[in-house]
Amino acid sequence: MAITEAIRLSTTASSVDFDKSADTLPSVHELIRTRWSPRSFSDRPVSDQDLRTVLEAARWAASSNNEQPWRFLIARKSDGEAYGKMLSLLVPSNQEWARTAPVLIIMAAKKNFSHTGVPNAYALHDTGAALANLFLQANALGLSAHGMAGFDRERAHEVLGIPADYDLGAAVALGYRDSPDKLTNERHQKAETARRQRKPLNEIAFGPFWNQPLSL
Ligand SMILES: Cc1cc2nc3c(=O)[nH]c(=O)nc-3n(C[C@H](O)[C@H](O)[C@H](O)COP(=O)(O)O)c2cc1C
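Residues numbered from 1 in each chain as written. Predicted model: local features only at pLDDT ≥ 70, side-chain atom pairs only at ≥ 80, totals over all residues. Heavy atoms only, no water.

### So, the overall build of the protein
Quick reminder of the rule: A run of H or I in DSSP counts as a helix once it spans at least four residues, and a run of E counts as a strand once it spans at least two, with each numbered from the N terminus. Each radius of gyration reported is based on C-alpha atoms, and the globular scaling rule is 2.2 Å times the count of residues to the power 0.38. The contact criterion used is simple: two residues touch if any of their non-hydrogen atoms lie within 4.5 Å. Computed by Shrake-Rupley with a 1.4 Å probe, the accessible areas treat only the displayed protein chains as cover when residues are assessed.
Assigned secondary structure in the protein consists of 9 helices and 4 strands. Counting from the amino terminus, the protein carries its helices and strands in the arrangement α-α-α-β-α-α-β-α-β-α-β-α-α. On C-alpha atoms alone, the protein measures out to a radius of gyration of 18 Å, which is about the 17 Å that the 2.2 N^0.38 rule sets for 216 residues. Each principal axis of the C-alpha atoms in the protein carries an extent, and together these give about 55 × 50 × 35 Å. Sequence-distant contacts in the protein: of pairs separated by 6 or more residues, those separated by 24 or more amount to 75%. Of the roughly 12300 Å² of accessible surface on the protein, 53% is carried by carbon and sulfur atoms.

See below:
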């Protein structure tokens, strides 16, 4: 399916008829412009094929020394108790909405390089790059993903059996968007339709020296 077609379907497949596209330069790719982090998910399951595709996209991220430090723990609603266990690791305000997502993911990052045992200062950095691939691939398939830092890392290690030589990255809710009306929390409902914001480019991009304006 062409990317444009997938995006069109992603905004019409559920009763979601508002536009959360970022106010970017028109030259930015629409997959980036139309990605956002919803909280209202429908109970439509994610197919094995689509789940495999988003993970495959993540797998092909670049990483320091091609270490590929990322690991993904996946819980689907159909996993029943195991899904509940992963959900219970989230902070209450995330549980409130993430419980509607058919798939939960927790990302881990191997702390040390496999071939030398030396600490990999880029482990979480590269795991974040894999997450960005996952976000965009999800959008291309008409799915949405929402990252979460709000979960109990220590308990996640224990409950999910994650070895001590792995750091924890983000948790992720993945599924199809649904109407904001389904959110019971007013704050979440407001956020769902609010315009998306970013810092201006001149605050984050400099010339060769810190704070030196970049002329473009
Ligand atoms: C690593 C990471 C952690 C996040 N943690 C949370 C979280 O715990 N709870 C939440 O509701 N949103 C969380 N978010 C979503 C951000 O708030 C969201 O990406 C940001 O507001 C920008 O909105 P957008 O993704 O719709 O452009 C997280 C996003 C990322 C990438």
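Back to the text.
### What about the pairing of strand E2 (residues 103-110)?
Rules: Each residue gets one of three labels from its accessible area relative to the maximum for its type: buried under 20%, exposed over 50%, partly exposed in between, using a 1.4 Å probe on protein chains only. Here, a strand pair is defined by DSSP locating no fewer than two bridges between the strands.
The buried fraction of E2 is high, at 8 of 8 residues. Here E2 shows no split at all, with Val 103, Ile 105, Met 107 and Ala 109 on one side and Leu 104, Ile 106, Ala 108 and Lys 110 on the other all buried. Alignment of strand E1 (residues 70-76) against E2, held across 7 bridges, turns out to be antiparallel. Counterpart to Phe 72 in the pairing with E2 is Met 107.

### A few points about the site of the ligand
Quick note on the threshold: Near, as used in this document, describes a residue that has one of its heavy atoms within 4 Å of the molecule or strand being considered. In this classification, the charged set is Asp, Glu, Lys and Arg, the nonpolar set is Ala, Val, Leu, Ile, Met, Phe, Trp, Tyr, Cys and Pro, and all remaining amino acids, among them Gly, are polar.
Neighbouring the ligand are 13 residues; Ser 37, Arg 39, His 146, Ala 149 and Arg 198 lie closest to it. Protein chains shield 62% of the accessible area of the ligand, which is 620 Å² for the free molecule. Elements that contribute at least two residues to the shell around the ligand include exactly helix H5 (92-98) and strand E3 (144-148). A total of 3 residues in the shell around the ligand trace back to one element, the largest contributor, which is E3. Across the shell around the ligand, the residue classes tally to 4 nonpolar, 5 polar and 4 charged.

### Quick look at the nonpolar core
Note the following rule: Working definition of a nonpolar core: buried Ala, Val, Leu, Ile, Met, Phe, Trp, Tyr and Cys residues. They are joined through side-chain atoms within 4.5 Å.
If you look at the biggest cluster of nonpolar residues, it comprises 22 residues, and the most contacted ones within it are Ala 98, Leu 104 and Ala 173. Looking at this core, the elements that each hand over two or more residues are helix H4 (81-88), H5, E2 and strand E4 (166-175). It is E4 that provides the largest number of residues to this core, a total of 4 residues. Dropping the residues within four chain positions of it, Leu 104 is found in contact with Leu 73, Ile 74, Ala 75, Tyr 83, Met 86, Leu 87, Ala 98, Val 172 and Ala 173. Counting 20 residues, the second-largest nonpolar core is a separate cluster that includes Leu 51, Met 107, Phe 135 and Ala 170.

### Thoughts on the packing of helix H3 (residues 48-59) against helix H6 (residues 123-140)
Applied cut-off: Each axis is a line fitted through C-alpha atoms, taken for helices only over the stretch in contact, and angles between the N-to-C directions span 0 to 180 degrees. Left-handed describes a crossing in which the near helix is turned anticlockwise from the far one by less than a right angle; the clockwise case is right-handed.
In contact at an axis separation of 7 Å, H3 and H6 are set at 145° when each is read in the N-to-C sense. For the crossing formed where H3 meets H6, the hand is right-handed. Contacts from Thr 53, Val 54, Leu 55, Ala 57 and Ala 58 of H3 reach H6 at Ala 130, Asn 133, Leu 134, Gln 137 and Ala 138.

### Let's talk about the packing of aromatic side chains
In plain terms, the rule: Only Phe, Tyr and Trp rings are paired, with Trp represented by its six-membered ring, and only when their centres lie within 6.5 Å; those with planes under 30 degrees apart are stacked, over 60 edge-to-face, the remainder tilted. Note on criteria: charge over ring means Lys NZ or Arg CZ within 6 Å of the ring centre, with the direction from the centre no more than 35 degrees off the ring normal.
By the definition in use, this model includes 2 aromatic pairs. Ring geometry for Phe 206 against Trp 210: centres 4.7 Å apart, planes inclined by 75°, an arrangement best described as edge-to-face. When the ring centre of Phe 135 is taken as reference, the NZ or CZ atom of Arg 35 above it lies at 5.5 Å.

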